[in-house]
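Notes for the structure review
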Amino acid sequence: MAGKTDQIKLIWVAILCNGHVLLEDLPGVGKTTLAQTLATLLGLNYQRVQFTADLLPSDVIGAQIYDREKQSFYFHKGPVFTQLLLADELNRATPKAQSALLEAMEERQVTIDGVAQTLPKPFFVIATQNPQNQSGTYPLPESQLDRFFVRISLGYPSEEVEKELLLGHIGRSKIDDLKAIVDPTQWQSIQNEVESVRIAAPVINYIMRLVNRTRDGELCAVGLSPRASQQLAQASKAHALIDQRDYVIPDDVQSVFPAVAGHRLKALKNQHSDLLVQSILSSVAVIEAA
């Protein structure tokens, strides 16, 4: 994924915070390749589900199957029982199929016939979403968007990077050459490092001013929830850790704010979420010291 340093950094932020990632972009820009690469580098079990209009919830979470020989039912686990699940083109499935992921993303479990089935640890969802102006898409409801830690757009590669892709120097064919750089059993200790990052009261005040600005009824129809404000603070700490600091500065908050907040906000007018986010950032004064 050459030339996408900022986007990859934000994905690391989400993973460090045990959060899910929504990749929104045109088909063919490398969203699936990115998910496969992450699974390989992180040493995680990987499953991919292609969301289509005829997909059923049982195709995602599994179903009770009748065994004629034993004359009893057994639970056949669906692809959600993995460590990294790629939900490809999530918004091409019906709302009923989309909702199959809600419990899994929030509770890290699924319930079948009243029995909770725990998912493997760690568990991450990377979902891809096509632009809503494309045919055959169903908008994701606000409740599901709120479960994604960040939303990221990859965009087109630079001309130099695309030339390297055409020459075969980079791309999907290189995934088999990658090796895991971390053991899944180490994730808990790695994520605990985020908790050790200090966030001072002035930075918290800055975060709250941003959050309260989104709740201004004259600017946003839907503002940030308390869950979103918590995740904004957590993401800022992870960003500081990646930059090898044990304390958060306002630059960390500004770096993660668009990815954490953009998909959760709803403008009063037909304003693009990216423009709305930048408007909020520019309208809230940055503190002088932290």
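Described in the following lines is the structure provided in the data block. (Residues numbered from 1 in each chain as written. Predicted model: local features only at pLDDT ≥ 70, side-chain atom pairs only at ≥ 80, totals over all residues. Heavy atoms only, no water.)

What follows deals with the side chain of D88. Along the chain, D88 falls in strand β5 (residues 84–88). Looking at D88, its side chain comes within polar contact range of the side chain of R48, at 2.7 Å. What D88 contacts, discounting residues up to four positions off in sequence, is T32, R48, V49, Q50, F51 and T128. (Helix = DSSP H or I, 4+ residues; strand = E, 2+ residues; numbered from the N terminus. Polar contact = N/O pair within 3.5 Å; in protein donor to acceptor, adjacent residues only side chain to side chain. Contact = heavy atoms within 4.5 Å.)

The bulk of non-glycine residues show a negative phi, and the bulk of peptide bonds are trans. Omega for the bond connecting K121 with P122 falls within 30 degrees of zero, at -10°, which places this linkage in the cis form. Tracing the backbone shows P122 in the loop between β7 (115–118) and β8 (124–129). The backbone of E89 shows a phi angle near 55°, a positive value even though the residue is not glycine. Topologically, E89 is positioned in the loop between β5 and α4 (95–98). Within the chain, R108 stands out as a residue other than glycine whose phi angle is a positive 55°. Of note, R108 is situated in the loop between α5 (102–107) and β6 (109–112).

This part is about the pairing of β5. Among the 5 residues that make up β5, 5 are buried, leaving the element largely enclosed by the rest of the structure. Along β5, one buried face is formed by L84, L86 and D88 and the opposite face, lined by L85 and A87, is buried too. Sheet analysis places strand β2 (residues 46–50) next to β5, joined by 5 bridges and oriented parallel. Opposite Q50, over in β5, you have D88 as the bridge partner. Strand direction decides the pairing type here: β5 and β8, joined by 4 bridges, are parallel. When the sheet's bridge partners are listed, L85 is paired in β8 with V125. (Buried < 20%, exposed > 50% of the residue type's maximum accessible area, 1.4 Å probe, protein only. Pairing = 2+ DSSP bridges.)

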